[in-house]
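Now for the letters of each chain:
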Amino acid sequence: MTTEARFHKHWRLIARTTPRLLLLIAAFLLLFLTSKRVANRITFAGNTVGSFEIDGNLTVDHLVPPSEPIDWDSSPFPAALTTFTDGTGPTDDIFGQGSKENDQSSWVCTTGSAPPKDDIVNEISVNGASPVAGEIAFRFFPVSGVQKQFLYTNWSRLSNNGDAHIDYEFNQADPASNPASPSCPQLALRTPGDFLVSFDTQYGGKIINASAFTWNGTTFVPISVGSQGILWDAAVNTVPSIAGLTATGTNLFGELALNVSDTIGEIPCNKILFVSMKTRASTSLSAEIKDRTRVKPLNFTIFNPAGANASGNALAASIQDTLLGINQTLPAATPANCTGGVCSSQSGIGSTSNSNQVLSAAVPPPSGGILKANVLSASSTSTVDSTTNTATDTGVAESAGVNLVSGLVTADVVRGVATAQASGFNSSFSSAGSAFKNLVVNGVQMNNVNPNTTITLPALQFGASSFVELFEEIGSSSQPPPGQLTGGTYAADLTVNMIRVHITRLALTGDAIDVVVSQAKAHADFPQPAGCPALVGTVSGDATEVNEQTNPSALPVVVGFVSIPPQGGHDHQDLDQLSTSLVSGGTSVSDSIGTILTSSSNSSSYAKAQNVCALPVNGVCTAFASVIVSQANSTSGGGKSSSDAQGTNLIGLSVGGMSVGDNPPPNTTILVPGIGSVTFNEQTCNGGGVPPCSGATSSGIRVRAIHVIVDNPNALGVPQGADVIVGEAHADSSHP
């Protein structure tokens with residue numbers, strides 16, 4: 001800063017306490033002496049930048065309007081806040097002698113006492129909270145109708161026996177994986193694009209400068225922060241005792257507001273930065289650094305759980321019979337105004353849960369011909385959590401000992417689960433937990449039920465267009481459109497109907513019946529955080545126990561299929577046994593899960609099964625495995641993407657009765673006379689090729705435990721060209 005500018009600021013401060021006449025004289029002389037306008041200016045207490053009071057205290061001093069401008073003790077505080085604590089004395093985290101700000105190779109991170117003027121200490125206490133050493137906050141606020149991002153910071157120190165030189169450093173690297181140096185593993189290694197904001201006082205706080213720098217890979221390069229009072233402003237406490245500061249003395253507390261959008265450049269709220277506070281011996285970036293706080297991941301996001309909602313309902317049975325005039329829902333409405341069995345609803349932070357059940361239920365005629373059950377239970381839980389910033393609703397409907405329409409459908413257990421979840425960045429739904437046990441439909445045992453399975457009933461007995469629908473899933477998720485920064489909503493909805501029987505005209509009586517057993521519905525929504533666009537990553541994943549294509553002109557037989565939508569979610573199936581025309585097996589599980597995070601997208605799918613036998617010929621399995629686990633994993637982010645088959649496990653393998661070693665290498669193919677070929681541990685990357693699968697922004701992998709291709713005429717009479725896959729898992733992800 002020029003001497004002329006310092007003179008200008010110094011006399012402006014003196015003029016505050018000068019009588020009016022002398023003030024006018026001083027102003028005239030000052031105007032005469034300064035023929036050029038200076039770049040920076042000192043502003044009086046009470047100035048605001050980004051609608052934040054820069055007045056050297058923590059309290060809101062204005063009277064109207066009630067909410068703006070804000071100060072540190074505004075409640076609620078409408079900015080994303082990160083706090084820092086630091087000790088004092090011989091156990092304080094400090095830099096060793098010789099550590100220079102601009103040279104990380106010189107850094108030594110140790111413990112000890114920092115010089116009192118450079119000692120950051122816990123003296124700031126806002127709204128009765130535990131004292132902290134400093135705070136950083138971000139928010140968007142309109143300037144001339146345009147949303148701008150603002151940074152607010154503060155600090156407190158042990159002594160004012162010298163000027164304050166405070167740094168707030170923002171690093172992209174995580175020190176846990178990329179430390180600054182072997183002698184300073186607690187702080188992050190600087191990478192190009194990191195930036196530093198500095199707060200410096202002169203003459204005991206009479207002059208304050210704010211500056212910003214970006215790291216170019218070798219050194220810090222200055223960033224213009226514009227004029228004080230316009231794009232930034234700063235102040236220290238000029239009154240010895242201020243509310244919220246536990247110490248007494250001037251220049252022990254400082255605060256800064258900076259227009260980030262027009263200086264450093266807007267920082268995406270979904271970008272993760274690691275931040276620390278440091279002190280320097282002097283203004284120069286070549287000065288020794290003294291005290292330091294521990295690194296914290298920065299919170300850019302202002303969540304609004306008060307505006308979130310979760311709601312849902314569940315019913316164990318719903319019966320409609322036009323002939324008998326029945327329109328009944330079991331269990332009874334809970335609470336009384338619920339129209340769908342058991343309901344719950346939560347708006348804003350909190351949780352609501354309801355449940356009810358019926359024992360030994362029977363619906364007319366007197367024999368219970370439409371519905372009989374031992375237990376009919378339902379529950380619904382709605383939660384908005386301010387800790388995780390999520391809205392979640394889960395409905396569970398369980399029916400035991402079910403007998404529908406005089407034995408048309410029976411089951412030991414029918415359980416329907418619907419879960420919807422929304423946060424400030426994504427939304428998803430899941431039917432994981434839904435299951436049947438010993439299900440029989442029109443005399444046929446149903447061990448394998450895929451979502452949205454429809455069985456057509458004989459028209460002569462049940463009327464035209466009559467059917468049984470099993471495991472019906474109706475789900476959707478939504479998010480704000482690309483580019484929208486405010487006012488959007490993330491939402492998810494799911495309806496699960498485990499059994500629906502629709503009869504248009506029952507023989508003999510002409511009765512029309514519609515029965516739903518184990519229905520669960522869930523909804524969740526969460527407001528979009530201001531300034532945060534929708535996450536741009538995507539995922540996909542699916543898993544299948546058996547995919548059997550024996551007739552090219554017909555659809556394949558698919559068993560145990562689960563999948564997730566592009567925004568992520570979770571799907572899961574448990575089967576008691578596998579049973580198709582060409583494959584048998586024991587207990588099996590299929591699962592797929594995916595998540596889109598601020599910095600990455602991840603998905604993982606697996607298919608597990610026991611005692612798998614594919615294409616048995618004269619009692620000998622063409623391919624056998626005592627245990628199969630096919631697993632596909634994919635992750636993308638930070639400019640790289642990779643997908644692998646870690647977790648895949650194949651045990652007890654044999655082909656035509658001949659043993660094959662466990663866990664064979666990927667794509668192990670064995671020719672089988674009279675059949676064709678068997679491939680174990682088949683692995684392919686998205687778009688072809690073999691693992692490892694990688695890319696800059698996206699990748700994917702498909703894993704198949706057993707793949708049998710029928711090329712030859714065979715004793716089973718299976719058509720040539722038949723294709724049987726057992727235990728398939730797929731996962732892919734993308735993220736810029």
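Residues numbered from 1 in each chain as written. Predicted model: local features only at pLDDT ≥ 70, side-chain atom pairs only at ≥ 80, totals over all residues. Heavy atoms only, no water.

Draft legend 1. Representation of the overall build of the protein. Across its full length, the protein carries three helices and 51 strands. Rg of the C-alpha trace for the protein: 34 Å, well past the compact-globule value of 27 Å for 736 residues, more than 25% over. The C-alpha extent of the protein, read off along each of the three principal axes, is 110 × 65 × 45 Å. Buried positions account for 53% of the 736 residues belonging to the protein. Pairs at least 24 residues apart make up 64% of the contacts formed inside the protein by residues separated by at least 6 positions. (Helix = DSSP H or I, 4+ residues; strand = E, 2+ residues; numbered from the N terminus. Rg over C-alpha atoms; globule rule 2.2 N^0.38 Å. Buried < 20%, exposed > 50% of the residue type's maximum accessible area, 1.4 Å probe, protein only. Contact = heavy atoms within 4.5 Å.)

Draft legend 2. Quick look at the packing of aromatic side chains. Within this structure, the stated rule accounts for 12 aromatic pairs. Plain terms: the ring middles of Phe 303 and Phe 425 are 5.9 Å apart, the flat faces sit at 85° to each other, and that makes the pair edge-to-face. Linking Phe 303 in the loop between β18 (296-297) and β19 (309-321) with Phe 425 in the loop between β25 (409-423) and β26 (427-430), this pair joins segments that are 122 residues apart in sequence. Taking the relative accessible area as the measure of exposure, Phe 303 reaches 28% and is therefore partly exposed. Pairwise contacts between aromatic rings join Phe 52, Trp 72, Phe 77 and Tyr 152 into one cluster. Between the NZ or CZ atom of Arg 190 and the centre of the ring of Trp 215, over which it lies, the distance is 5.1 Å. Directly above the ring of Tyr 606 sits Lys 608, whose terminal nitrogen or CZ lies 4.6 Å from the centroid. (Phe/Tyr/Trp six-rings, centres within 6.5 Å; stacked < 30°, edge-to-face > 60°. Lys NZ or Arg CZ within 6 Å of the ring centre and 35° of its normal.)

Draft legend 3. Spatial organisation of unusual backbone geometry. Residues Glu 68 and Pro 69 are joined by a peptide bond in cis, for which omega reads -5°. Along the chain, Pro 69 turns up in the loop between β2 (53-54) and β3 (80-84). The omega angle of the peptide bond from Leu 330 to Pro 331 is -10°, so this bond is cis rather than trans. You can see Pro 331 is positioned in the loop between β20 (326-330) and β21 (342-347). Phi angles above zero are rare outside glycine, and Asn 442 is one such case at about 50°. Inspection of the secondary structure puts Asn 442 in the loop between β28 (439-441) and β29 (444-446).

Draft legend 4. Fine view of the pattern of salt bridges. The tally for this structure, following the rule as stated, stands at 18 salt bridges. A salt bridge links Glu 101 to Arg 280, with the nearest nitrogen and oxygen atoms 3.9 Å apart. Of this pair, Glu 101 sits in the loop between β4 (93-95) and β5 (109-111) while Arg 280 sits in strand β16 (residues 274-280); the two residues are 179 residues apart in sequence, bridging distant segments of the chain. Looking at Arg 280, the relative accessible area reads 0%, which means it is buried. Put simply, Glu 101, Asp 167, Glu 169, Arg 190, Asp 200, Lys 278 and Arg 280 are held in one network by salt bridges that share partners. (Salt bridge = Lys/Arg side-chain N within 4 Å of Asp/Glu carboxyl O.)

Draft legend 5. Representation of the environment of Thr 504 in the model. Topologically, Thr 504 is positioned in the loop between β32 (489-503) and β33 (513-527). Taking relative accessible area as the criterion, Thr 504 reaches 29% and is therefore assigned partly exposed. Taking C-alpha positions, Thr 504 is 6.9 Å from Ser 465, a pair spaced 39 residues apart along the chain. Leaving out residues up to four positions away in the same chain, Thr 504 has contacts with Phe 462, Gly 463, Ala 464, Ser 465, Ser 466, Asp 511 and Ala 512. At 2.7 Å, the side chain of Thr 504 and the backbone oxygen of Ala 464 are in polar contact. (Polar contact = N/O pair within 3.5 Å; in protein donor to acceptor, adjacent residues only side chain to side chain.)

Draft legend 6. Up close: the pairing of strand β48 (residues 676-685). Among the 10 residues of β48, nine are classified as buried, and the element is accordingly described as predominantly covered. Where strand β47 (residues 668-672) meets β48, five bridges bridge the pair, whose relative direction is antiparallel. Residue Thr 668 lies in a different strand from β48, and its bridge partner there is Phe 680. Counting the residues between successive antiparallel strands, the hairpin from β47 to β48 contains three residues, one of them, Gly 674, with a positive phi of roughly 75°. In the sheet, β48 pairs with strand β50 (residues 698-710) via nine bridges, with the strands oriented antiparallel. Bridging across to β50, Phe 680 finds its partner in Ile 706. (Pairing = 2+ DSSP bridges.)

Draft legend 7. Looking closely at the environment of Gln 610. Here Gln 610 lies in strand β41 (residues 601-617). By relative accessible area, which is 41% here, Gln 610 ends up partly exposed. In sequence terms Gln 610 and Ala 625 are 15 residues apart; their C-alpha atoms lie 7.3 Å from each other. For Gln 610, the residues in contact, after removing those within four places along its chain, are Gly 585, Gly 586, Thr 587, Ala 625 and Ser 626.

Draft legend 8. View of the nonpolar core. Leu 404, Leu 439, Ile 499 and Val 501 are the most contacted members of the largest nonpolar core, which totals 51 residues. Sequence-distant contacts of Ile 499, that is, excluding residues within four places in its chain, are made with Leu 404, Val 409, Val 414, Phe 436, Leu 439, Val 468, Glu 469, Leu 470, Val 515, Val 516 and Val 517. Membership of the second largest hydrophobic core comes to 39 residues, among which are Phe 84, Ile 136, Ile 267 and Ile 564. (Core = buried A, V, L, I, M, F, W, Y, C linked by side-chain atoms within 4.5 Å.)

Draft legend 9. Fine view of the sheet that holds strand β15 (residues 253-259). Sheet architecture is open: five strands sit in the order β3-β6-β7-β15-β14, paired in antiparallel fashion. In this open sheet, the two strands that pair with only one neighbour each are β3 and β14 (232-236). If you compare each strand with its neighbour and ignore which way they point, the axes differ by 15° on average. The pairing of β14 with β15 spans five bridges and is classified as antiparallel. Residue pairing for β15: Trp 232 is matched across the bridge by Leu 258. (Axes fitted to C-alpha atoms, helices over the stretch in contact; angles between N-to-C directions.)

Draft legend 10. Main features of the state of the cysteines. Applying the stated criterion across every chain yields a total of four disulfides. The residue that forms a disulfide with Cys 109 is Cys 184, at a sulfur-sulfur distance of 1.8 Å. Placement of the pair is Cys 109 in strand β5 and Cys 184 in strand β10 (residues 184-188), with a sequence separation of 75 residues. With respect to burial, Cys 109 and Cys 184 carry one shared label: buried. With its sulfur 2.1 Å from that of its partner, Cys 685 forms a disulfide with Cys 693. (Disulfide = S-S within 2.5 Å.)

Draft legend 11. Representation of the side chain of Gln 528 within the structure. Its location among the elements puts Gln 528 in the loop between β33 and β34 (538-549). Polar contacts involving the side chain of Gln 528 include one to the main-chain carbonyl oxygen of Gln 484, which spans 2.7 Å. Residue contacts for Gln 528: discarding those within four places in its chain leaves Pro 480, Gln 484, Leu 485, Thr 486, Gly 487, Gly 488, Thr 489, Tyr 490 and Pro 533.

Draft legend 12. Structural view of the pairing of strand β6 (residues 134-143). In terms of burial, β6 is a largely internal element, seven of the 10 residues being buried. Of the pairings in the sheet, the one linking β3 to β6 comprises five bridges and is antiparallel in character. Note on β6: the bridge partner recorded for Thr 83 is Glu 135. Between β6 and strand β7 (residues 146-156), which pair antiparallel one after the other, the connecting turn spans two residues, and Ser 144 there sits at a positive phi close to 55°.

Draft legend 13. Inspection of the confidence of the model for the protein at higher detail. In this model, the protein carries an average pLDDT of 89, and 92% of its residues clear a pLDDT of 70 or more. Residue range residues 1-45 is modelled with pLDDT below 50. Its contacts to residues more than four positions away, or to other chains, number 49 contacts. (pLDDT = per-residue confidence, 0-100.)

Draft legend 14. Representation of the side chain of Ser 654. Looking at where Ser 654 falls in the secondary structure, it is placed in strand β45 (residues 653-655). If near-sequence neighbours (up to four positions away) are discounted, Ser 654 is found in contact with Thr 622, Ala 623, Phe 624, Ser 659, Val 660 and Phe 680.

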